[in-house]
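The lines below spell out each chain.
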Amino acid sequence: MFTTRPDQARRFRSLHTSSRPLALANAWDVASARVIEAAGAPAIATTSAGVAWSLGSPDGDALTRERALELISRIAAAVAVPVTADIEGGYGQDAADVAETVTGVLAAGAVGVNIEDGARPPGELAARLAAARQAADRAGADLFLNARIDTYLFALGDPDTRLAETLDRARTYVDAGADGIFVPGVTDTATIAALARDISVPLNVMAGPGAPKVAELGDLGVARVSLGSGVAQAAYAAARRAAQELLDTGGYGSLADGIAFPELNGLLSGPR
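Given the structure is predicted, the values throughout are model-derived calculations rather than measurements.

A. Summary view of the pattern of salt bridges. One pass over the full model with this rule turns up 16 salt bridges. Its salt-bridge partner being D7, residue R10 comes within 2.5 Å of it at the nearest N-O pair. Within this pair, R10 and its partner D7 are both found in helix 1 (residues 5–14), separated by 3 residues, close to a single helical turn. Judged by its relative accessible area of 49%, R10 is partly exposed.

B. Layout of empty space enclosed by the protein. Applying the stated criterion across every chain yields a total of 1 cavity of 30 Å³ or more. In this model, the largest cavity occupies a volume close to 40 Å³. Together, T46, T47, S48, V51, A68, L71, I72, D86, I87 and Y91 line the largest cavity. Listed by contribution, the elements that provide at least two residues to the lining of the largest cavity are helix 3 (48–54) and helix 4 (65–78). With 3 residues, the single largest contributor to the lining of the largest cavity is helix 4.

C. Region of the structure containing the layout of surface pockets. In this structure, the largest pocket occupies an estimated 520 Å³ of space. Lining the largest pocket are 19 residues, and of these A235, A238, D257, G258 and I259 lie nearest its centre. Take the lining of the largest pocket: its biggest share by element is 7 residues, from helix 10 (residues 230–248). Residues of the lining of the largest pocket, tallied by class, amount to 13 nonpolar, 3 polar and 3 charged. There is about 350 Å³ of room inside the second largest pocket. Along the wall of the second largest pocket there are 28 residues; nearest its centre are S48, A49, D59, D86 and R148. Taken together, the elements giving at least two residues each to the lining of the second largest pocket come down to helix 3, strand 3 (83–86), strand 4 (112–116), strand 7 (203–206) and strand 8 (224–226). Tallied by class, the residues present in the lining of the second largest pocket amount to 10 nonpolar, 12 polar and 6 charged.

D. Quick look at the packing of aromatic side chains. Across all of its chains, the model carries 3 aromatic pairs by this definition. Taking 5.7 Å as the distance between ring centres and 90° as the angle between the ring planes, the aromatic pair formed by F12 and F144 counts as edge-to-face. Here F12, found in helix 1, pairs with F144, found in strand 5 (residues 144–148); they are 132 residues apart in sequence, far enough to count as distant. When sorted by exposure, F12 lands in the same class as F144, which is buried. Ring geometry for W53 against Y236: centres 6.4 Å apart, planes inclined by 70°, an arrangement best described as edge-to-face. Here the residue W53 occupies a position in helix 3, and Y236 occupies one in helix 10, the gap between them amounting to 183 residues. Judged by its relative accessible area of 38%, Y236 falls in the partly exposed class. Of the aromatic side chains, those joined through ring pairs into one cluster are W28, W53 and Y236. Against the face of Y152 rests R162, its NZ or CZ located 6.0 Å from the ring centre.

E. Layout of the sheet that holds strand 2 (residues 44–45). Pairing in this open sheet of 8 strands is parallel, and the strands run 1-8-7-6-5-4-3-2 from one edge to the other. On the outer flanks of this sheet lie strand 1 (22–24) and strand 2, each paired with one strand and no other. Pairing geometry for strand 7 and strand 8, over 3 bridges, is parallel. What sits directly across from M206, in strand 8, is S226. Where helix 6 (residues 122–139) meets the sheet, it contacts strand 4 and strand 5, and its direction lies at approximately 170° from that of strand 5.

F. Broad picture of a nonpolar patch on the surface. A contiguous nonpolar surface patch, about 500 Å² in accessible area, is contributed by L246, L247, Y252 and L255. Residue L255 is classed as exposed on the basis of its relative accessible area of 57%.

G. Structural context of the pairing of strand 4. Strand 4 sits mainly inside the fold: 5 of its 5 residues count as buried. Burial along strand 4 is two-sided: the face carrying G112, N114 and E116 and the face carrying V113 and I115 are both buried. As judged from the 3 bridges shared by strand 3 and strand 4, these two strands associate in the parallel manner. Counterpart to A85 in the pairing with strand 4 is V113. In terms of handedness, the path from strand 3 via helix 5 (residues 95–108) over to strand 4 forms a crossover that is right-handed.

Criteria and cut-off values
- Positions within a chain are numbered from 1, following the residues in the order the chain's sequence is written.
- A pLDDT threshold of at least 70 governs which residues receive local features in this predicted model, and a stricter bar of 80 or more applies before side-chain atom pairs are shown or counted, although totals over entire chains, interfaces and linings include all residues.
- Note: side-chain values were computed over all heavy atoms of the structure, leaving out hydrogens and water.
- Within this document, salt bridges are pairs made up of a side-chain nitrogen of Lys or Arg and a carboxyl oxygen of Asp or Glu, the two lying within 4 Å of each other.
- Strands here mean DSSP runs of E at least two residues long; helices mean DSSP runs of H or I at least four residues long; both are numbered from the N terminus.
- Burial here depends on accessible area, computed with a 1.4 Å probe over protein chains only, as a share of the maximum for the residue type. Under 20% is buried, over 50% is exposed, and the range in between is partly exposed.
- Both cavities and pockets are sets of points on a 1 Å grid over the protein atoms alone; in a cavity a 1.4 Å probe fits but cannot get out, in a pocket the set is open with protein on both sides within 12 Å along at least five of seven lines, and lining residues sit with an atom within 4 Å of a point.
- Grid points are joined across faces, edges and corners, and a volume is the space filled by probe spheres set on the points.
- Following the grouping adopted for this structure description, the nonpolar residues are Ala, Val, Leu, Ile, Met, Phe, Trp, Tyr, Cys and Pro, the charged ones are Asp, Glu, Lys and Arg, and the polar ones are all others, Gly among them.
- Pairing of aromatic side chains here covers Phe, Tyr and the six-membered ring of Trp, requires ring centres within 6.5 Å, and sorts the geometry by plane angle: under 30 degrees stacked, over 60 edge-to-face, intermediate tilted.
- We count a charge as sitting over a ring when the NZ of a lysine or the CZ of an arginine lies within 6 Å of the ring centre and within 35 degrees of the ring normal.
- Note: two strands are recorded as paired if DSSP finds a minimum of 2 bridges between them.
- We call two residues in contact whenever any of their non-hydrogen atoms come within 4.5 Å of each other.
- Structural elements are reduced to axes, namely lines fitted to C-alpha atoms, with helices fitted over the stretch in contact, and the angle between N-to-C directions of any two is expressed from 0 to 180 degrees.
- Patch rule: a residue counts if its relative accessible area is over 30% and it has no salt bridge; like charges are joined within 9 Å, and nonpolar side chains (Val, Leu, Ile, Met, Phe, Trp, Tyr) within 5 Å.
- Surface exposure here means Shrake-Rupley accessible area, sampled with a 1.4 Å probe, where a residue is shielded only by the protein chains that are shown.
- Looking down the strands as they point away from the viewer, one classifies a crossover as right-handed if the path from the first strand across the helix to the second runs clockwise.

The following block contains the structure:
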């Protein structure tokens, strides 16, 4: 069923609830997005790493804005559910560049973005978030702006003060216009519960093997759970296993669990 962009934006925003966390198996191309949508996903999130890899670039602000926007546009046109795009640090050198990127993301059809701080000073991401919010307001768009804090993912600063630093950054980013806070790299329940308790907007965490299940994370107060680049990594691992089996033993057994050709082909046939 066709929905308007404002409808999609409202729907996407409403999906952020700890009673039933938004579970996102991140896509990196049109086919992966369609497979994930067909599995029942209520929204599609891109993985910046997976997108970069699929286009021949490493993760880490190496991909050009133009190539990223083209891919976002293709995915948004191919699915009926809301799309949120991981745009790394904003694909630009400064806040004005980030505003231009966000304008392009909205034109491409997405209703949300992730912007990360990485090793940047918190003030720099705050300026980028403010510019992103202003760009969305100028476009009249209800953009869900998710700010990623990398203190745990990159083990930044003193471990004894990392939680306090993360919460300080979260408050700064919310004041700058963030609608959600994404803290990848943390899986212990006590820290997750503390983050959810003291962050005033929906909390997003990244999950994978060893992390609590989605419902358990919801019980801790998490409203959004992402797999990040994990699905893309698993897909590339499957390609490597198939190649190694073929080259090492001449066998093909690793292909047995693939999606049937008619099913996959059918997902990409016909208009959307």
